[in-house]
2 protein chains.
Amino acid sequence: MAKKQNKGTDLSSEEKIIAAARKVFTKKGYAATRTRDIAEEAGMNLALLNYYYRSKEKLFQLVMTEKMQQLFGVIVPIVTNNEIKLETKIEQLADKYIDMLSANPDLPLFVLSEIKQNPEQFKKKMQLEKLIRNSSLIQQLKEKRPDIDPIHFLINILGMLVFPFIARPIIFGVDMENQDRFHAFIQQRKKLIPAWVKAMLARK
Amino acid sequence: MAKKQNKGTDLSSEEKIIAAARKVFTKKGYAATRTRDIAEEAGMNLALLNYYYRSKEKLFQLVMTEKMQQLFGVIVPIVTNNEIKLETKIEQLADKYIDMLSANPDLPLFVLSEIKQNPEQFKKKMQLEKLIRNSSLIQQLKEKRPDIDPIHFLINILGMLVFPFIARPIIFGVDMENQDRFHAFIQQRKKLIPAWVKAMLARK
DNA sequence: GTCTATAAGGGGATAGAC
DNA sequence: GTCTATCCCCTTATAGAC
């Protein structure tokens, strides 16, 4: 722990570093990030980084674990909740996930890219695969449409939620002017996605 | 051009290098790729890489341009085709895009990640944004559902096509055993996606 | 055209003063 | 706890022999 424990709004050096690491790692990815970038972003010296976190790799693992929990933490409780019906799950997913992604637009591409580089490592961390396959949502989808693999619908739902954030630079560009437009666009999807999913699930 | 122009199935050194570069860059991304990796993958010396392509950056630009054309080259002719009706466009998109992505599963995450790192640079290369916004597909979507921004549907279609390839390690893992299962799963979507899009577009 | 050897610089990590 | 200076490996790129 740091000696200077700031009581006010300021962060300790330790906290400044990890905050900077979150920012730089999620923006540039592990390989393109230099520890010097993180130190500069934190407004402090490079040596402090190693003093507090030992190595770039260690610091990255901390951030990565956090970010995976952030990305999946919203989904799991909703998807596995036995108490609520299918329609409500979809509505909650759309609402909560879009809010989270709006606040962390770089998150999906970052996590998915890093997992791709190191799939084994992260698959063991969270046995997400089985968790999802045995979830209440999957059961409900299977009941509704026993003729179609429920994973299709899960992918569609997540894809509709996540893909706009991944494809944003292509569809919307990155100009400042477009930022408000993008935000409004994304907000519309909170209502639209549940309706589309309902339509997809209905038998023709 | 190389002096040794192989007439048979063998590739010239120049071609071996760019083939290796395609493979390594798409797999690991620009920052994590070392020119040594490419040279080794090509089965040749590091110096040859610079002899033929001057620098890592130059070689990357070649690959990146190719890969962007590969990723968008399938979409644009279909989306902008004035001759065919909406339903046919969706069917063709699903069919062609899934085939292309099955053959190049790393392509979307690679291109989207690299564009994110350097958005300006690549936006200028192809004025994709305007091309899409003025496309026949967008017009048809607008006619069908004037009450909803057609970009929503475009994103949904592309998301349903692309997202499985991006999220694959999370949903399916990377085990060899799952490879066939994933392939079969993806093939199903050629039929399913057009049906889902139709359902989404119908008025309730 | 292809190789070996090496230059030149970048980047992660640490020693040691304060 | 924090800083400056420095170490040292790794990586890109080139020089020069063949």
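Quick caveat, the model's predicted, so the values are computed rather than measured.

Caption draft 1: Looking closely at the interface of chain B and chain A. Between chain B and chain A, the contact holds 51 residues from the first and 51 residues from the second. A buried area of about 4,600 Å², summed over both sides, lies between chain B and chain A, and 70% of it is on carbon and sulfur atoms. There are zero salt bridges connecting chain B and chain A. For the pair chain B and chain A, the number of links is 15 residue pairs in polar contact (both at pLDDT 80 or more). Sorting the residues of the side of chain B that touches chain A by element identifies helix H1 (13-32), helix H7 (107-117), helix H8 (119-125), helix H9 (128-133), helix H11 (150-171) and helix H12 (177-201) of chain B as the ones contributing at least two each. Top element by residues in the side of chain B that touches chain A is H11 of chain B. It accounts for 17 residues. Its residues assigned to classes, the side of chain B that touches chain A shows 30 nonpolar, nine polar and 12 charged.

Caption draft 2: Inspection of helix H12 (residues 177-201) of chain A at higher detail. The end-to-end C-alpha separation of H12 of chain A is 37 Å, in line with the 36 Å expected for 25 residues at 1.5 Å each. The sharpest bend along H12 of chain A comes to roughly 40°, located at Lys 190 of chain A, with the proline Pro 194 of chain A sitting one to four residues further on.

Caption draft 3: Main features of the relation of the copies chain B and chain A. After a rotation of 180° and a shift along the axis of 0.0 Å, chain B superposes on chain A with an RMSD of 0.0 Å. Both copies are brought into coincidence by an operation consistent with a two-fold rotation axis. A share of 100% of the interface residues of chain B reappears at the interface of chain A, consistent with the copies meeting face to face through the same patch.

Caption draft 4: Layout of empty space enclosed by the protein. For the structure shown, the criterion picks out two cavities of 30 Å³ or more. Lining the largest cavity are 19 residues, and of these Ile 170 of chain A together with Phe 72, Ile 75, Tyr 97 and Leu 158 of chain B lie nearest its centre. Among the elements that line the lining of the largest cavity, the one with the most residues is helix H11 (residues 150-171) of chain A, at four residues. The computed volume of the second largest cavity comes to approximately 150 Å³. Forming the walls of the second largest cavity are 15 residues, and the residues nearest its centre are Phe 72, Ile 75, Tyr 97 and Leu 158 of chain A together with Ile 170 of chain B. Only helix H4 (56-73), helix H5 (75-79), helix H7 (107-117), helix H9 (128-133) and H11 of chain A together with H11 of chain B provide two or more residues apiece to the lining of the second largest cavity. When residues in the lining of the second largest cavity are grouped by element, the largest group, four residues, is from H11 of chain B. In terms of residue class, the lining of the second largest cavity is built from 15 nonpolar, no polar and no charged.

So, how was this worked out
- Residues numbered from 1 in each chain as written.
- Chains lettered and ligands numbered in written order.
- Predicted model: local features only at pLDDT ≥ 70, side-chain atom pairs only at ≥ 80, totals over all residues.
- Heavy atoms only, no water.
- Contact = heavy atoms within 4.5 Å.
- Buried area = accessible area lost by both parts, 1.4 Å probe.
- Salt bridge = Lys/Arg side-chain N within 4 Å of Asp/Glu carboxyl O.
- Polar contact = N/O pair within 3.5 Å; in protein donor to acceptor, adjacent residues only side chain to side chain.
- Helix = DSSP H or I, 4+ residues; strand = E, 2+ residues; numbered from the N terminus.
- Nonpolar A, V, L, I, M, F, W, Y, C, P; charged D, E, K, R; others polar.
- Expected span 1.5 Å × (residues − 1).
- Bend = angle between axes of the 7 residues up to and from the residue.
- Least-squares fit on C-alpha atoms with pLDDT ≥ 70 in both.
- 1 Å grid on protein atoms, 1.4 Å probe; cavity = no way out; pocket = protein on both sides within 12 Å on 5 of 7 lines; lining within 4 Å.
- Points joined across faces, edges and corners; volume = space filled by probe spheres on them.

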